[in-house]
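A look at the structure
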Amino acid sequence: MSDARTITHLIDQAEHLLQRAGVDTPRLDAEILLADLLGVGRAYLYAHPEQEVSERVFQECMRRLERRLKREPLAYILGRAEFYALEFTVTPDVLVPRPETEVLVEAVLAKQPATVADIGTGSGCIAVAVAVNLPQVRVWATDISAGALRIAAENAQRHGVADRVQFLQGDLLQPLAGLRFDVVASNPPYVAESERLSLQPEVREWEPAHALFTGADPLQFHRRLSAEAHFHLREGGWLMLEVGMGQAEAVASLLEAAGYRQVRIRNDLAGIGRVVEGRYR
């Protein structure tokens, strides 16, 4: 084999191409792609820079690199993403789980609920993380997308909580008629259509638009949930909503106007208001 097949050369070459394509973390992405194919950790790459890779690994690395050069999210190429110290299957049917959404999981866990509704579950990352960390909880999770619910159910099975998480298809709270919960939690779409071009290509061109964009009103789903969730909350139950940058105060006002008390904004690690919670009476 030639030098072009060594670990260090492959990574250098991939980094150069990814950098030219505008990828934010070209070196890291190159290392993750190759380490995944070799079935090793990234530290192995540094310990064995002159190791030659097989023809099969080389060709598959090139195929995956082509996908990343088109700005396909790394998580879709790998087929997985980490969230709340758990690994989740992800496909283009679902949003890639984001670290800031872990704030919403923390908020739910802090209440030690017995029953939780996760509205717009996507990959199931919130529902599954809550169920894994609260062994007695029961979770009902809704989504409008059948494809997303298939992935979510797979993730619940993967982490051994399928018997405590029920998935229902429908619009927001609609599938939960007659049910009441200790907590209703949601990471709803909150990006206005006017902001589409400001997003990274990985987001605007690859992730499911229905889970991101809200049309002209970025808070349309927050308005609906703040107005309707109390029909599904037990007395003293909590509504918890993830919000976008700069939206927290407006959503807090929505909850207060809808009769919620103890309204609180929780910040993410960057100090951005990320979750708004309120208690219904």
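Above this text you will find the structure in question.
Summary of the structure given here. Just so it is clear, the model here is predicted, and its values are computed rather than measured.

Moving on, we get to the sheet that holds strand β9 (residues 273–280). Pairing within the open sheet is mixed, and its seven strands lie in the order β5-β4-β3-β6-β7-β9-β8. The open sheet has two edge strands, β5 (165–169) and β8 (260–267), and neither has a second partner. For this sheet, the mean angle separating the axes of adjacent strands, direction not counted, is 15°. Bridge count for strand β3 (residues 115–119) against strand β6 (residues 181–186) is four bridges, and the pairing is parallel. Bridged to Asp118 within β6 is Ala185. Packing of helix α8 (residues 146–158) onto the sheet brings it into contact with β4 (138–143) and β5, and relative to β5 it is tilted by some 175°. Contacting β7 (233–242), β8 and β9, helix α11 (residues 248–257) crosses the sheet at an angle of about 165° to β8.

For the rest of this paragraph, the subject is the pattern of salt bridges. For the structure on display, the rule yields 25 salt bridges. For the salt bridge of Glu31 with Arg42, the shortest nitrogen-to-oxygen distance reads 2.9 Å. Within this pair, whereas Glu31 is found in helix α2 (residues 26–38), its partner Arg42 is found in helix α3 (residues 42–47), the two being separated by 11 residues in sequence. When its relative accessible area of 1% is taken as the criterion, Glu31 is described as buried. When its relative accessible area of 37% is taken as the criterion, Arg42 is described as partly exposed. The structure contains a network of salt bridges with shared partners spanning Asp36, Glu60, Arg63, Arg64, Arg80, Glu87 and Arg158.

Among the nine residues that make up helix α7 (residues 125–133), seven are buried, leaving the element largely enclosed by the rest of the structure. Turning to α7, its buried residues are Cys125, Ile126, Ala127, Val128, Ala129, Val130 and Ala131.

In this structure, Val105, Val130, Val139, Val165 and Met240 are the most contacted members of the largest nonpolar core, which totals 33 residues. If you list the elements that add at least two residues to this core, you get β2 (86–89), α6 (102–110), α7, β4, α8, β5, β6 and β7. Counting residues per element, this core draws most heavily on α7, which supplies seven residues. Sequence-distant contacts of Met240, defined by excluding residues within four places in its chain, comprise Leu104, Ala107, Val108, Lys111, Val183, Val184, Ala185, Ser186, Val276 and Glu277. Among the nonpolar cores identified, the runner-up in size contains 24 residues, and Ala117, Val243, Ala252 and Tyr280 belong to it.

Bringing α11 into the picture now. Looking only at α11, the buried set comprises Ala248, Val251, Ala252, Leu254 and Leu255. Buried residues in α11, looked at end-on, bunch into an arc of 155°, giving them a common side. Of the exposed residues in α11, the ones pointing more than 90 degrees away from its buried face are Glu249 and Ala257. For α11, the secondary structure elements touched by its buried residues are α10 (220–228), β7, β8 and β9. One or two positions beyond α11, positive phi appears at Gly259, with a value near 100°.

This paragraph deals with the pairing of β9. Residues in a regular strand project their side chains so that they alternate between the two faces of the sheet. Judged by how many residues are buried, β9 sits mostly within the fold: seven of eight residues are covered. Here β7 runs beside β9; their pairing, made up of five bridges, is antiparallel. What sits directly across from Leu241, in β9, is Val276. Where β8 and β9 come together, six bridges link them in antiparallel fashion. Opposite Arg261, over in β9, you have Arg279 as the bridge partner. Count of turn residues in the β8/β9 antiparallel hairpin: five residues, of which Gly271 carries a positive phi of about 80°.

What counts, and at which threshold
- Residues numbered from 1 in each chain as written.
- Predicted model: local features only at pLDDT ≥ 70, side-chain atom pairs only at ≥ 80, totals over all residues.
- Heavy atoms only, no water.
- Pairing = 2+ DSSP bridges.
- Helix = DSSP H or I, 4+ residues; strand = E, 2+ residues; numbered from the N terminus.
- Axes fitted to C-alpha atoms, helices over the stretch in contact; angles between N-to-C directions.
- Contact = heavy atoms within 4.5 Å.
- Salt bridge = Lys/Arg side-chain N within 4 Å of Asp/Glu carboxyl O.
- Buried < 20%, exposed > 50% of the residue type's maximum accessible area, 1.4 Å probe, protein only.
- Core = buried A, V, L, I, M, F, W, Y, C linked by side-chain atoms within 4.5 Å.
- Arc of directions from axis to C-beta.

Bear in mind that shape data such as this cannot, by itself, settle questions of function.
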